[in-house]
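What the coordinates show
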Amino acid sequence: MTELRTARLLLRRARPDDLDAFHAVLSDPEATRYWSTLPHPDLETTRVWLDAMIASPPALREDFVVEWDGRVIGKTGCYRLPEIGFILHRDAWGRGLAREALEAVSGYIFATRPEIDALMADVDPQNQRSLRLLKSVGFEVTGSAQRTWLVGNEWKDSLYLTLRRP
Ligand SMILES: CC(C)(COP(=O)(O)OP(=O)(O)OC[C@H]1O[C@@H](n2cnc3c(N)ncnc32)[C@H](O)[C@@H]1OP(=O)(O)O)[C@@H](O)C(=O)NCCC(=O)NCCS
């Protein structure tokens, strides 16, 4: 069972009992403002999401639950390599924890997956926090597209960022 430890975090694989913690994150309209889905309206929606994360084939996935002081605060990683995504509970923002997790996970992927030349991220151009985070660890904008995601009734655009293997 892969676990990564950083100065403040434990990163580990997802388990069914992470459900309540993930629901707290994914039902928050602020945390999901630039997410690919609307806020989760009920626990069942989060259960389906978590089951898919757990069942994603290991060959394609490098996704990690982020624990801070024994509390599950979100996730960082690739549901499908090489695209990386992250979301943390709002309580955990503004402390450098997302950056700590992203550096650990990207380092682990490059160290253990020689076939991966680069990680990529697909970000709403309005998602300033996410863009700041990605650029702080070395991602660069490599493309963009309009009307890529229909979330609720609203079309969203994408900025594509790439982190090349160091
Ligand atoms: C994107 C997201 C993970 C970024 O979280 P974050 O906490 O802002 O990111 P970081 O870990 O880089 O923290 C940076 C902030 O911590 C502060 N900080 C405090 N201590 C720090 C430390 N030891 N090291 C680095 N930064 C530190 C920085 O000054 C910065 O503050 P600011 O937000 O006031 O500028 C978070 O906003 C989130 O979950 N958003 C919702 C989901 C989402 O949109 N995901 C992206 C989809 S592509």
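None of the values given here were measured: they were computed from a predicted structure. (Residues numbered from 1 in each chain as written. Predicted model: local features only at pLDDT ≥ 70, side-chain atom pairs only at ≥ 80, totals over all residues. Heavy atoms only, no water.)

Further remarks concern the packing of helix 3 (residues 97–112) against helix 4 (residues 128–136). Across the interface, helix 3 lies against helix 4 with an axial gap of 10 Å and an inter-helix angle of 45 degrees. On the basis of the axis angle, helix 3 is oblique to helix 4. Crossing of helix 3 over helix 4 shows right-handed handedness. Packed against helix 3, whose contacting residues are A98, R99 and L102, the element helix 4 presents L133, L134 and S136 at the interface. Along the lines of polarity and charge, the residues of the contact of helix 3 with helix 4 split into four nonpolar, one polar and one charged. (Axes fitted to C-alpha atoms, helices over the stretch in contact; angles between N-to-C directions. Helix = DSSP H or I, 4+ residues; strand = E, 2+ residues; numbered from the N terminus. Parallel < 35°, antiparallel > 145°, perpendicular 65-115°, else oblique. Left-handed = near helix turned anticlockwise from the far one by under 90°. Contact = heavy atoms within 4.5 Å. Nonpolar A, V, L, I, M, F, W, Y, C, P; charged D, E, K, R; others polar.)

On to the environment of A101. Considering the arrangement of structural elements, one finds A101 in helix 3. For the pair A101 and R33, spaced 68 residues apart in sequence, the C-alpha to C-alpha distance is 21 Å. Residues in contact with A101, not counting those within four places in the same chain, are L9, L11, V66 and T76.

Interaxial distance between helix 1 (residues 19–26) and helix 2 (residues 43–55) falls to 9 Å at its minimum, and their mutual angle equals 110 degrees. As far as their axial angle goes, helix 2 and helix 1 are roughly perpendicular. By crossing handedness, the relation of helix 1 to helix 2 is classed as right-handed. Listed contacts from helix 2 to L19, D20, F22, H23 and L26 of helix 1 are L43, T46, R47, W49, L50 and M53.

Attention shifts here to the site of the ligand. Taken together, 19 residues sit near the ligand, with F86, L88, G94, N127 and R129 positioned nearest. In this structure, L88 approaches the ligand through a main-chain N or O atom, which is 2.8 Å from an oxygen atom. G94 places a main-chain nitrogen or oxygen 2.8 Å from an oxygen atom of the ligand. Out of a free accessible area of 960 Å², the ligand has 71% covered by protein chains. The cavity where the ligand resides is the largest pocket. When contributions to the shell around the ligand are tallied by element, the ones reaching two or more residues are strand 5 (83–88), helix 3 and helix 4. Looking at the shell around the ligand, the element that brings in the most residues is helix 4, giving four residues. (Near = heavy atom within 4 Å. Polar contact = N/O pair within 3.5 Å; in protein donor to acceptor, adjacent residues only side chain to side chain. Areas by Shrake-Rupley, 256 points an atom, 1.4 Å probe, with all protein chains shown as cover. 1 Å grid on protein atoms, 1.4 Å probe; cavity = no way out; pocket = protein on both sides within 12 Å on 5 of 7 lines; lining within 4 Å. Sits in = over half its atoms within 2 Å of the grid points.)

Another point: the packing of aromatic side chains. On inspection of all chains with the given rule, the structure shows two aromatic pairs. Look at F64 and Y108: their rings are 5.8 Å apart centre to centre, the planes differ by 85 degrees, and that puts the pair in the edge-to-face class. With a gap of 44 residues between them, F64 in strand 3 (residues 62–68) and Y108 in helix 3 connect regions that are remote in the sequence. Neither F64 nor Y108 differs from the other in exposure class; each is buried. In this structure, R13 is placed above the aromatic ring of F64, and the distance from its NZ or CZ to the ring centre is 4.3 Å. Taking NZ or CZ as reference, R80 lies 4.7 Å from the ring centre of Y79, over its face. (Phe/Tyr/Trp six-rings, centres within 6.5 Å; stacked < 30°, edge-to-face > 60°. Buried < 20%, exposed > 50% of the residue type's maximum accessible area, 1.4 Å probe, protein only. Lys NZ or Arg CZ within 6 Å of the ring centre and 35° of its normal.)

With that settled, consider helix 3. Note on helix geometry: an α-helix contains 3.6 residues per turn, so any two residues three or four positions apart are oriented the same way. Look at helix 3: 23 Å from first C-alpha to last across 16 residues, which is about the 22 Å you get at 1.5 Å a residue. Three or more residues of helix 3 are buried, namely L97, E100, A101, L102, A104, V105, S106, Y108, I109 and F110. (Expected span 1.5 Å × (residues − 1).)

Function cannot be read off these values alone, since they describe shape.
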